[in-house]
Amino acid sequence: MISLSDFDFQKIKEKIIAKSKELKIDKIGFTTAEPFNESEKILLDYRNKGYSSGFEEKDIKKRIYPQLSLPEAQSIIAIAMAYPAKEPSLEQKDVSGRGEFCRASWGMDYHRVLKEKLSAIDQFIKELVPGTENLIMVDTGALSDRAVAARAGLGWIGKNGSLITPEFGSFVYLGELLTTLPLPADKPLERECGNCSSCFKVCPLGAILPEGKIIDCRKCLAFQTLNKGQLTNTVKEKIGENKYIYGCDLCQLVCPHNNKVTNNWHDEFKSDYELIKPDLKGFLKLSNREFKEKYGQMAGSWRGKKVLERNAIFILGKHRDEEAIPLLKEILFSDPRPDIRSAAAWSIGNFQRDDTERILKEALKNEKDAEVKKEINNQILKAAKFS
């Protein structure tokens, strides 16, 4: 019977690091599976103050205690893979009438890529030490990827809540593997953001709180691009203004630690300009099948086509793309989905054309949904002020 005392775990760790390089993982770090006690107060405050996004694990204990996910866990292996910080070097294209997927959605869905890398490490460990139990987590696991990565020495958590690495800035995907092996732990990096406040100033909805590292997720533009609920006019304006149909990169783009990074070496994360900055009118005409075929491999497709369409409609209205008027009218008059018709009403109301009020009143005649009628009436009142 094999005993853990038969193994030199420093050498096992070195072999795992060597394997990670073979797998083209950019950074790897190790920490214990001790509780993340420092996170408990923060997580409780988030919940009590309504800062949580709702996508996180609901059981706070599971987010703090790794053994609730893997009972015999002794260590956690954290990995990071860099993703592109710069747009593809293509000839200059006209960006009018286009929206944007945030950089974390460029190329192949990172959940799939990192899980494949961690699965390879999982199998490698089990070959080194038969009987080992491991558990893979990427984004949707109970633990906080950023908290694990920070404690494992991959980087530090910046004021905008992102993990910042010295080599690749904050443009990194994170994942971890819990293991029953007692691997030597790495030391956390002692780095901070200093007096920099660039991310506070650029955040469209003020989600980054002045004390730093505390994010009101409900005010984050990235969250709002995924929010299926009723949006305020301010949120609609900001989605339209910043042109993100999925996610947001603004706080990362102004971060000094990202100034010189490109991170454009993983083929899995390279993407086509037409995918990452789609023509919105063409995007709105896609069938569900066409959407899945074209965008299904991207992380940004997970929320479904409808929410992304809604955001595209806000962008066309905010930027008053005159060529989009016929399409927006068609959506307002005949789309079967009330929330999409409502978005079209809001969008048309932004144009302030001579015929805006007439278009909206015509749509109102046959509209049956109460929420859509309310939006149309709001836009009619707004249009009347400019007529």
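About the thresholds
Residues numbered from 1 in each chain as written. Predicted model: local features only at pLDDT ≥ 70, side-chain atom pairs only at ≥ 80, totals over all residues. Heavy atoms only, no water. Helix = DSSP H or I, 4+ residues; strand = E, 2+ residues; numbered from the N terminus. Buried < 20%, exposed > 50% of the residue type's maximum accessible area, 1.4 Å probe, protein only. Areas by Shrake-Rupley, 256 points an atom, 1.4 Å probe, with all protein chains shown as cover. Lys, Arg positive; Asp, Glu negative; His and termini not counted. Charge placed at Lys NZ, Arg CZ, Asp CG, Glu CD. Core = buried A, V, L, I, M, F, W, Y, C linked by side-chain atoms within 4.5 Å. Contact = heavy atoms within 4.5 Å. Axes fitted to C-alpha atoms, helices over the stretch in contact; angles between N-to-C directions. Left-handed = near helix turned anticlockwise from the far one by under 90°. Expected span 1.5 Å × (residues − 1). Polar contact = N/O pair within 3.5 Å; in protein donor to acceptor, adjacent residues only side chain to side chain. Salt bridge = Lys/Arg side-chain N within 4 Å of Asp/Glu carboxyl O. Pairing = 2+ DSSP bridges.

Novice: Account for the overall build of the protein chain, naming residues and giving values.
Specialist: Check the secondary structure of the protein chain and you find 17 helices and eight strands. Dimensions of the protein chain along its principal axes, counting C-alpha atoms only, are 80 × 45 × 40 Å. By residue count, 52% of the 387 residues in the protein chain fall in the buried class. Carbon and sulfur atoms make up 49% of the accessible area of the protein chain, which totals about 18600 Å². Across the protein chain, the centroid of the 61 positively charged side chains sits 4 Å from that of the 56 negatively charged ones.

Novice: Which residues make up the nonpolar core, and what values go with them?
Specialist: The biggest cluster of nonpolar side chains holds 46 residues, and the ones touching the most others in it are F101, F283, Y295, I313, L332 and I376. Once residues within four sequence positions are removed from consideration, I376 is found in contact with L332, A345, L360, A363, L364 and E367. Counting residues in each nonpolar core, the second largest holds 30 residues, with I79, M81, I121 and F171 among its members.

Novice: Tell me about the environment of K86, residues and numbers included.
Specialist: The topology assignment puts K86 in the loop between strand 2 (75-82) and strand 3 (100-101). For K86 and R103, which are 17 residues apart along the polypeptide, the C-alpha to C-alpha distance reads 8.5 Å. In this structure, K86 is in contact with R103, W106, N258, N259, V261 and T262, ignoring residues within four places of it in sequence.

Novice: Give a detailed account of the packing of helix 1 (residues 9-22) against helix 4 (residues 110-128), specifying residues and quantitative values.
Specialist: For the pair helix 1 and helix 4, interaxial distance at closest approach is 11 Å and the crossing angle is 145 degrees. Our pair here, helix 1 against helix 4, has a crossing hand that is right-handed. Here I12, K15, I16 and K19 of helix 1 come into contact with helix 4, specifically with I121, F124, I125 and L128.

Novice: Go over helix 15 (residues 338-349) with me, naming the residues and quoting the values.
Specialist: Helix length check: helix 15 (12 residues) gives 16 Å between terminal C-alpha atoms against 16 Å at 1.5 Å per residue, within 8%. In terms of burial, helix 15 is largely enclosed, as 10 of its 12 residues are buried.

Novice: How would you summarise the side chain of N242 if you had to cite specific residues and measurements?
Specialist: Relative to the helices and strands, N242 is located in helix 8 (residues 233-242). One polar contact links the side chain of N242 to the main-chain carbonyl oxygen of K238, over a distance of 2.9 Å. For N242, the contacting residues outside a window of four places in its chain are P204, L221 and L250.

Novice: Which residues make up unusual backbone geometry, and what are the values?
Specialist: Positive phi is not limited to glycine here, since K24 has a value of about 65 degrees. Mapped onto the elements of the fold, K24 is located in the loop between helix 1 and strand 1 (27-32). Overall, the relative accessible area of 59% leaves K24 in the exposed class. In the Ramachandran plot, N263 falls in the positive-phi region, its phi being about 55 degrees despite a non-glycine side chain. Residue placement: N263 occurs in the loop between helix 9 (250-253) and helix 10 (273-276).

Novice: Please give an account of the pattern of salt bridges that cites residues and values.
Specialist: Throughout the structure, instances matching the rule amount to 29 salt bridges. Residues D45 and K41 are paired through a salt bridge, measuring 3.0 Å at the closest nitrogen-oxygen approach. Of this pair, D45 and K41 both sit in helix 2 (residues 37-49), four residues apart, which is roughly one turn of the helix. On the accessibility criterion, D45 (25% relative accessible area) is partly exposed. For K41, a relative accessible area of 58% puts it in the exposed group. Of the charged contacts in the structure, one is a salt bridge between R337 and D335, with a shortest N-O distance of 2.9 Å.

Novice: A description of the sheet that holds strand 4 (residues 134-137) should follow, citing residues and the corresponding values.
Specialist: Read from one edge of the open sheet, four strands run 1-2-7-4, paired in antiparallel fashion. The strands lining the two open edges of the sheet, one partner per strand, are strand 1 and strand 4. Each strand axis lies, on average, 20 degrees off the axis of its neighbour in the sheet, ignoring direction. Note: strand 4 against strand 7 (residues 172-179), four bridges, orientation antiparallel. Bridge pairing links N134 to T179 in strand 7. Sitting on the sheet, helix 1 touches strand 1 and strand 2, and the angle it makes with strand 1 is about 150 degrees. Relative to the sheet, helix 4 contacts strand 1, strand 2, strand 4 and strand 7, its axis offset from that of strand 7 by approximately 30 degrees.

Novice: Explain the environment of W106 residue by residue, including any values.
Specialist: Looking at the secondary structure, you find W106 in the loop between strand 3 and helix 4. Under the relative-accessibility criterion, W106 is labelled buried at 3%. With 170 residues separating them along the chain, W106 and I276 place their C-alpha atoms 6.4 Å apart. When near neighbours in sequence (up to four residues on either side) are disregarded, W106 contacts P84, K86, E87, P88, F101, Y173, F269, S271 and I276. Reaching out from W106, the side chain makes a polar contact with the backbone oxygen of F101 at a distance of 3.0 Å.

Novice: Outline helix 8, supporting the account with residue identities and numerical values.
Specialist: Those residues of helix 8 that fall on the buried side of the exposure criterion are V235, K236, I239, G240 and N242. Positive backbone phi, approximately 70 degrees, marks K243, located one or two places after helix 8.

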